[in-house]
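Structure at a glance
These are the residues of each chain, in order.
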Amino acid sequence: MKDYFFSGIQQVGVGTVNFEESWKWYIDHFQVDVKILEDNTVAERMLPYTGNQPQKRRACIAINLQGGGGFEVWNYSERKPQPIDFDIQIGDLGIFAAKIKSRDVKAFHKEIAGKYSNISEVVTSPDGKPTFYLLDPFGNYFQIVEDTYVYIEEHRLAGGTVGAMIGVSDIERALPVYQDILGYDKVVYDETGVFEDWSFMRGGNQRYRRVLLARTELFKGAFSGLIGDSTIELVVALDRQPKKIFEGRFWGDPGFIQICLDVINMKGLKAYCKAKGFPFTVDSCPNDEQFDMGEASGHFTYIEDPDGTLIEFVETHKIPVLKKLGWYINLRKRNREKPLPKFLFKLMRVNKVKFD
């Protein structure tokens, strides 16, 4: 029996070779401009994925107040990041695309097309909804999906992250992670073939099995109102042997490095993951201490899916609201199932970041 619960997809991590250039691009195109935290220290707890050496990095987590999960933009400070040495195709093992929400896909397509050209036309996904794809300047694919839920009205067409496309070698082997542990138990579609909506992406003329998963149980907790719903799409390449996106590279190198869910009761999650055969591979607080993340604090852990894709869990203890005034929220001293009031996130508008 599960005695933990999730507040939603907190963020999707993206490694880069230029922190400010990447974050500026995501602000300009997806409006992820409210900084939750920024850290420029040494990653000491990720040794299994950083060559068994502590690595200095610059990282931030930023959100779009209209709703959805955030971005974690991540850049090695001293080690030279190692870009991928092949062109990622649909179904390669790992996160090969992130999903971004928009209240009006067609209008947002027009907005993006006015300033960026490497995008598809508006097409129809297998669930019958309008969508389009883009390849950012750094080699990362994004799917824009229609989602009319708006948390705080900012008069924008874009929202935050609402899921990911993940290449797997075997759907049935992957389901215990994504359905049982993460709770995406509802199959929206399970289809096999060549898909017209993927013609823009590399490998789009090949056959795939794609399974879109959603949740029947609503997210709850401090950030559930902001984050909202999400989906995870599992994809198997049928016409070729897929490549592992992070084979021979470090966590934090360019590309989508993880998908992260906000969790309440990490102890319960740890026991459930172990029972399912997916024990934590990283645990920042093995003795139940508190991990300081610069401007915030909490407890983070990782598991791997059967193909080695990293899934992060974060139990947030403290976040800044008005850092200049020293105003932080201690989440341990409140009802963990209750969403934070909207006015607190409105106050975070003062944390908006602009690049020249």
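These numbers come from a predicted model, not from an experiment.

Tallying secondary structure elements over the protein chain gives 6 helices and 19 strands in all. Relative to the compact-globule value of 21 Å for 356 residues, the protein chain shows a C-alpha radius of gyration of 19 Å, a close match. In terms of its C-alpha atoms, the protein chain occupies a principal-axis envelope of roughly 55 × 45 × 45 Å. In the protein chain, which comprises 356 residues, the share counted as buried stands at 59%. For the protein chain, restricting intrachain contacts to residue pairs at least 6 apart in sequence, the fraction spanning at least 24 positions comes to 72%. For the protein chain, the accessible surface area stands at approximately 14,900 Å², while carbon and sulfur atoms represent 48% of it.

For the rest of this paragraph, the subject is helix 2 (residues 105-113). Within helix 2, the full set of buried residues consists of Val105, Phe108, His109 and Ile112. An end-on view of helix 2 places all buried positions within 105° of arc, on one side of the element. Helix 2 presents Lys106 and Lys110 as exposed residues on the side facing more than 90 degrees away from its buried surface. Of the surrounding elements, those touching the buried residues of helix 2 are helix 1 (19-30), strand 6 (94-102), strand 8 (130-135), strand 9 (141-146) and strand 10 (158-167). At the N-terminal end of helix 2, a side-chain oxygen is found 3.3 Å from the backbone nitrogen of Lys106, two or three residues along, and the residue is Asp104.

Within a sheet, adjacent strands bond to each other through the backbone by hydrogen bonds, running parallel or antiparallel. The 8 strands are arranged 7-8-9-6-10-13-12-11 in an open sheet whose pairing can be described as mixed. Only two strands of the sheet have a single neighbouring strand rather than two, namely strand 7 (123-124) and strand 11 (186-193). Bridge count between strand 11 and strand 12 (residues 208-214): 7 bridges; the pairing is antiparallel. Bridged to Thr192 within strand 12 is Arg209. Strands strand 6, strand 8, strand 9 and strand 10 of the sheet are contacted by helix 2, whose axis makes an angle of about 25° with strand 8.

What follows deals with the packing of aromatic side chains. Counted under the stated rule, the structure contains 29 aromatic pairs. When the centroid spacing of 5.6 Å and the interplanar angle of 70° are considered together, the rings of Trp23 and Phe355 count as edge-to-face. With Trp23 in helix 1 and Phe355 in the segment after helix 6 (342-347), the pair connects residues that are 332 residues apart, well separated along the chain. Here Trp23 falls in the buried class, since its relative accessible area comes to 2%. For Phe355, a relative accessible area of 25% corresponds to the partly exposed category. The interplanar angle of 80° and the centroid separation of 4.7 Å between the aromatic rings of Trp74 and Tyr76 together place this pair among those described as edge-to-face. The exposure class assigned to Trp74 is buried, which follows from its relative accessible area of 0%. Residue Tyr76 is classed as buried on the basis of its relative accessible area, which comes to 4%.

Time to look at the nonpolar core. Core analysis: the largest hydrophobic core is formed by 60 residues, its most contacted members being Phe30, Tyr178, Ile181, Leu182, Leu234, Leu269 and Phe313. Residues Val34, Leu331, Leu340 and Met348 belong to the second largest nonpolar core, which totals 19 residues.

In this structure, Asn265 sits in the loop between strand 14 (255-264) and helix 5 (266-275). Counting along the chain gives 198 residues from Asn265 to Gly67, while the straight-line C-alpha distance between them is 24 Å. Asn265 has contacts with Asp3, Tyr4 and Glu315, leaving out every residue within four places of it along the chain. A polar contact is formed between the side chain of Asn265 and the backbone nitrogen of Gly268, at a distance of 3.2 Å.

Turning to the side chain of Ser22, a few remarks are in order. Relative to the assigned elements, Ser22 resides in helix 1. Those residues in contact with Ser22 that lie beyond four places of it in its chain are Thr16, Val73 and Phe138.

Take the pattern of salt bridges next. One pass over the full model with this rule turns up 23 salt bridges. Close ionic contact of Glu20 with Arg58 constitutes a salt bridge, the shortest N to O distance being 3.4 Å. Note that Glu20 is positioned in helix 1 and Arg58 in strand 4 (residues 55-63), a separation of 38 residues in sequence. Glu20 sits in the partly exposed class, given a relative accessible area of 38%. Measuring nitrogen to oxygen at the nearest pair gives 2.8 Å for the salt bridge that ties Arg209 to Asp190. Within this pair, whereas Arg209 is found in strand 12, its partner Asp190 is found in strand 11, the two being separated by 19 residues in sequence. In this structure, a network of salt bridges that share partners links the residues Asp33, Glu154, Arg156, Arg349 and Lys352.

About the cut-offs
- The residue numbers shown here count from 1 along each chain, following its written sequence.
- With the structure being a predicted model, the display of local features is reserved for residues of pLDDT at least 70 and the display and counting of side-chain atom pairs for 80 or more, all residues being used for whole-chain, interface and lining totals.
- For the side-chain quantities, the full set of heavy atoms in the structure was used; hydrogens and water were omitted.
- Only DSSP runs of H or I reaching four residues or more are called helices, and only runs of E reaching two or more are called strands; each is numbered from the N terminus.
- Two things to know: the radius of gyration comes from C-alpha atoms, and the globule rule equals 2.2 Å times the number of residues to the power 0.38.
- Relative accessibility thresholds used throughout: buried, under 20% of the residue-type maximum; exposed, over 50%; partly exposed, between the two (1.4 Å probe, protein chains only).
- Contact definition: two residues touch when any of their heavy atoms are within 4.5 Å.
- Only the protein chains shown count as cover for residues, and the accessible areas themselves come from Shrake-Rupley with a 1.4 Å probe.
- The arc refers to the directions leading from the helix axis to the C-beta atoms.
- Definition of a polar contact: a pair of N or O atoms within 3.5 Å, with one able to donate and the other able to accept a hydrogen when the atoms are protein atoms, and with sequence-neighbouring residues admitted only if both atoms are side-chain atoms.
- Two strands pair if DSSP finds at least two bridges between them.
- Here an angle of 0 to 180 degrees is reported between the N-to-C directions of two axes, which are lines fitted to C-alpha atoms, with helices fitted over the stretch in contact.
- Working definition: a ring pair exists when centres of Phe, Tyr or Trp rings (six-membered ring for Trp) sit within 6.5 Å. Plane angles under 30 degrees give stacked, over 60 give edge-to-face, the rest tilted.
- Each nonpolar core is a collection of buried residues, namely Ala, Val, Leu, Ile, Met, Phe, Trp, Tyr and Cys, held together in the definition by side-chain atoms within 4.5 Å.
- Counted as salt bridges are all cases of a side-chain nitrogen of Lys or Arg within 4 Å of a carboxyl oxygen of Asp or Glu.

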